[in-house]
Structure formats: C-alpha cells, structure tokens
Amino acid sequence: MPDQSSLQLPSPYTLVELESIDSTNAEAKRLAEEGAPDCTIVWAKRQTAGRGRRGREWVSAPGNLYFSILLRLPYPMEAMTQLGFVAANALADAIQVAAPRGTLVQVKWPNDVLVEGHKIAGILMEGEPDMDSGAFKWLVLGIGVNVSSHPALDDGAYPATSLAAQGATGEGLDVAPLLDTLAKRFLAGLATWRNLGFGPIRRHWLARAKGIGGPVTVRLPNETLEGVFGALDENGALVLHLDGQPNRRITAGDVFIPV
Ligand code: BTN
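The structure displayed is predicted, hence computed values, not measured ones. Once a new chain begins, its residue numbering starts again from 1 and follows that chain's sequence as written. For this predicted model, a pLDDT threshold of at least 70 governs which residues receive local features, and a threshold of 80 or more governs which side-chain atom pairs are given and counted, while totals over whole chains, interfaces and linings are taken from all residues. Neither water nor hydrogens contribute to the side-chain values; these are computed over all heavy atoms in the structure.

**So, the overall build of the protein**
Per the convention used, a helix needs a DSSP run of H or I reaching at least four residues, while a strand needs a run of E reaching at least two, with both numbered from the N terminus. For the protein, the helix and strand inventory stands at four helices and 13 strands. Over its C-alpha atoms the protein spans a radius of gyration of 18 Å, differing by no more than 12% from the 18 Å that the globule rule assigns to 259 residues. Once the C-alpha set of the protein is aligned to its principal axes, its extents read approximately 60 × 50 × 35 Å. When a residue's accessible area, from a 1.4 Å probe over protein chains only, is under 20% of the maximum for its type it is buried; when over 50% it is exposed; and in between it is partly exposed. A total of 259 residues make up the protein; the buried ones form 53% of that total. Atoms counted for the radius of gyration: C-alpha only. Globule rule: 2.2 Å times the number of residues to the power 0.38.

**What about the pattern of salt bridges?**
Put simply, a salt bridge is a Lys or Arg side-chain nitrogen that is within 4 Å of an Asp or Glu carboxyl oxygen. Going through the model one piece at a time under the given rule, you end up with 16 salt bridges. Among the ionic pairs, Arg185 bridges to Asp93, the shortest N-O distance being 3.7 Å. Placement of Arg185 in helix H3 (residues 175–196) and of Asp93 in helix H2 (residues 79–98) is noted, with a sequence separation of 92 residues between them. Note on Asp93: relative accessible area 14%, which makes it buried. Note that Asp112 is salt-bridged to Lys108, the shortest N-O span being 3.4 Å. Both residues of the pair, Asp112 and Lys108, belong to the buried class.

**Focus on H3**
One turn of an α-helix holds 3.6 residues; hence residues three or four places apart share an orientation. Taking 1.5 Å per residue, 22 residues should reach 32 Å; H3 reaches 31 Å between its end C-alpha atoms and fits that length. Looking one or two places after H3, you find Gly197, whose phi comes out positive at around 85°. Multiplying 1.5 Å by the residue count of a helix minus one yields the expected span of that helix.

**Focus: the nonpolar core**
Core analysis: the biggest nonpolar cluster contains 70 residues, and Leu65, Leu71, Ile95 and Phe186 have the highest contact counts within it. It is H2 that provides the largest number of residues to this core, a total of 13 residues. Apart from residues no more than four positions distant in its own chain, Ile95 is found in contact with Val105, Val113, Val115, Ile120, Ala121, Val145, Leu163 and Leu178. Within this scheme, the nonpolar core is defined by two criteria: the residues are buried Ala, Val, Leu, Ile, Met, Phe, Trp, Tyr or Cys, and they are joined through side-chain atoms within 4.5 Å. Of all hydrophobic cores here, the second largest spans 12 residues; its members include Ala32, Ala36, Val42 and Trp138. Two residues form a contact once any of their heavy atoms are found within 4.5 Å.

**Points about unusual backbone geometry**
Pro12 follows Ser11 through a cis peptide bond whose omega is 10°. The topology assignment puts Pro12 in the segment before strand E1 (14–21). Cis geometry is found at the peptide bond from Trp109 to Pro110, where omega equals 0°. Summarising the element assignment, Pro110 is placed in the loop between strand E5 (105–108) and strand E6 (112–115).

**Quick word on the site of the ligand**
We define proximity as follows: a residue is near a molecule or strand when any one of its heavy atoms falls within 4 Å of that partner. For the ligand, the set of nearby residues contains 20 residues, the closest of which are Ser23, Gln47, Arg51, Arg53 and Lys119. Polar contacts, as counted here, are pairs of nitrogen or oxygen atoms within 3.5 Å of one another; within protein the pair requires one atom able to donate a hydrogen and one able to accept it, and residues that are adjacent in sequence qualify only if both atoms are side-chain atoms. Here a nitrogen atom of the ligand and a side-chain polar atom of Gln47 are 2.9 Å apart. Within the side chain of Lys119, a nitrogen or oxygen atom sits 2.6 Å from an oxygen atom of the ligand. For accessible areas, the Shrake-Rupley method is used with a probe of radius 1.4 Å. Any residue's cover is judged against the shown protein chains and nothing else. Out of a free accessible area of 410 Å², the ligand has 99% covered by protein chains.

**So, the packing of H2 against H3**
At their nearest, the axes of H2 and H3 sit 8 Å apart, and the two run at 140° to each other. Considered as vectors, H2 and H3 are oriented oblique to each other. Between H2 and H3 the crossing geometry is right-handed. Along its contact with H2, which presents Ala79, Gln82, Leu83, Val86, Ala87, Ala90, Leu91, Asp93, Ala94, Ile95, Val97 and Ala98, the element H3 presents Leu178, Thr181, Leu182, Arg185, Phe186, Gly189, Leu190 and Trp193. For the contact of H2 with H3, a count of residues per class yields 15 nonpolar, three polar and two charged. Note on method: axes are straight lines fitted to C-alpha atoms, helices fitted across the in-contact stretch only, with angles between N-to-C directions ranging 0 to 180 degrees. Roughly parallel here means an angle under 35 degrees, roughly antiparallel means over 145, roughly perpendicular means 65 to 115, and every remaining angle is called oblique. Note: crossing handedness is left-handed where the near helix turns anticlockwise from the far helix by less than a right angle, and right-handed where it turns clockwise. Any residue that is not Ala, Val, Leu, Ile, Met, Phe, Trp, Tyr, Cys, Pro, Asp, Glu, Lys or Arg is counted as polar, Gly included; the first ten are nonpolar and the last four charged.

**Observations concerning the sheet that holds strand E9 (residues 215–219)**
Strands qualify as paired when DSSP identifies two bridges or more between them. Strands sit in the order E12-E11-E10-E9-E13 across an open sheet of five strands; the sheet is antiparallel. Strands at the two margins of the open sheet, each flanked by one partner only, are strand E12 (248–250) and strand E13 (254–256). Taking each pair of neighbouring strands and ignoring which way they run, the sheet shows an average axis angle of 45°.

**What to know about the side chain of Ser23**
Inspection of the secondary structure puts Ser23 in the loop between E1 and helix H1 (24–33). Within the structure, the side chain of Ser23 is placed 3.2 Å from the backbone nitrogen of Asn25, a separation counted as a polar contact. If we skip the residues at most four places from it in the chain, Ser23 touches Gln47, Ala49 and Arg51.

**As for the packing of aromatic side chains**
When two rings of Phe, Tyr or Trp (its six-membered ring) have centres within 6.5 Å they constitute a pair, described as stacked for plane angles under 30 degrees, edge-to-face for angles over 60, and tilted for the intermediate range. Enumeration over the complete set of coordinates arrives at two aromatic pairs. Here Phe85 and Phe198 contribute two aromatic rings whose centre-to-centre distance is 5.6 Å and whose plane-to-plane angle is 70°, an arrangement assigned as edge-to-face. Here Phe85, found in helix H2, pairs with Phe198, found in helix H4 (residues 198–206); they are 113 residues apart in sequence, far enough to count as distant. Judged by relative accessible area, which is 1%, Phe85 ranks as buried. Positioned over the ring face of Trp43 is Lys45, at 4.9 Å from the centre of the ring. Only when the NZ atom of a Lys or the CZ atom of an Arg is both within 6 Å of the ring centre and within 35 degrees of the ring normal do we say a charge sits over the ring.

Okay, structure coming up:
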C-alpha cells in the first residue's frame, strides 16, 4: 500500500488503496468480517480474480477503475436492490463528467451503465444477511469501470466499450477523479434515499434508462422471455409485458435490449 493516498475522499469514507488484490469485493468482505467501518472503500489498481455478476469473470487489467464500498448499517433486504440503483445513478453521473461532451450515457436494468449503447461499467452487490433480524449486517457494492481498455464483449455477451474508446482524453482517462466524483455522487444519492426513499432515485434512473417501452429479452436460469420492458416498479423490479400472458416482475436476470 502506498504511504500516502493519491485521493482524499470526504467523511465518512475510509479509503483502502491497493496496487493489486484478488477482488476488491472479496477484500471488502474480509474487512467487513474484521469490523471495518461503514463507508470503507477498497480501491485496487488491478485485480487478479475480478468477478462480475452471475459468477462471471471481470477482466481487470491496470488502467481501469475497480473498487468496492462497504456499507454496514442495518439495511432491510429490499435495500440491496434499491442501493444498486443509487450506485448506478452515481456511476452514470460520474461517467458523463469524464466522457467527451455530448456522449450518450444510459443506464440498463438492473445496474449497468452504457455509453453509446455499449457496456462501460457494472456493479456487483453482495451482502451478509443476519438471520435473526432479517436485515443485512453489511453490503458490499463492487464497481468496475472500463477507462483505458475493455474486453470485446462483456461476459454477459453485451458489446463493451471504455472511456478511451469513446474519445476521452487527459483527466477523462484518470481513474482517481472518476472515483472521487463517483464516491461524492453516491454519498449524495445515499442521503436522498435515506431521507426521501426510493422514489427520487427511481425517477433519476428512469430519466436515462435504455429500452423502456421497447422490446427486451430476459434470460433467466431456466427460461428466456421475449417481451416489452413495460416499467420499473416501486421496488426496482423490471415489469415485463408478455404477449397474451400476465405481466412478469423480474427481480434478477440478464437483460438484452437491442443496441
Ligand atoms: C457486472 O457483471 O456487470 C458487474 C461487474 C463488477 C466488477 C467490479 S470490479 C470491482 C469489484 N470487484 C470485483 O471482483 N467485482 C467488482
């Protein structure tokens, strides 16, 4: 670990800055078990075993942003889904700041960020439920952003991109200011969510959501559904309209929206 961090994050963040780690999510979970405080951020320059959603690999070469936020206040179970939207909004805001002016930045259900229709960032949330209280003891939100490089496809077979590929230059390719903006926007979103609930978070997300009202393919573990992305419900589920069948509420799955 360097002697001095290259980044000063506002209170209540505690920054743990690493050159290399297996996975910032795995490290944040280890720190959670050791009693690390709420809002600990683990930031690594590279990961040797970066993980995506659904057990996929997250390619983690140096030059991109890899970090995880540990949240350890008692959160009800539905908080996991809702905080994913808080994080996605902060992520999209920060990418919009770093990307060249006029770049189209969108969010894709549940927590991806797209730039010009290509996936640039993803979020992996993990939590430790407390069986007695039914709340989470802690949550880890892991965020990866393709800054300097990207795989040809993300592992969910969605076309990928990076800030570099979108023409970002100078500070737009520096991961520290991106993390700084993101961390601050996340704190602001967290305060909104705590004070006003999920409503404003949902509206902010919907304002730049890709594919609402259009065709969508949802891949679930045992079936693939083709329908229309009807709405985002008040808990963050995707409401899928199916031909001649009742609507389905989708709470987890891979979603493909035509680019
Ligand atoms: C996705 O599949 O879209 C989610 C990708 C999440 C990747 C990030 S990188 C930092 C953190 N550590 C990990 O191992 N994964 C997340």
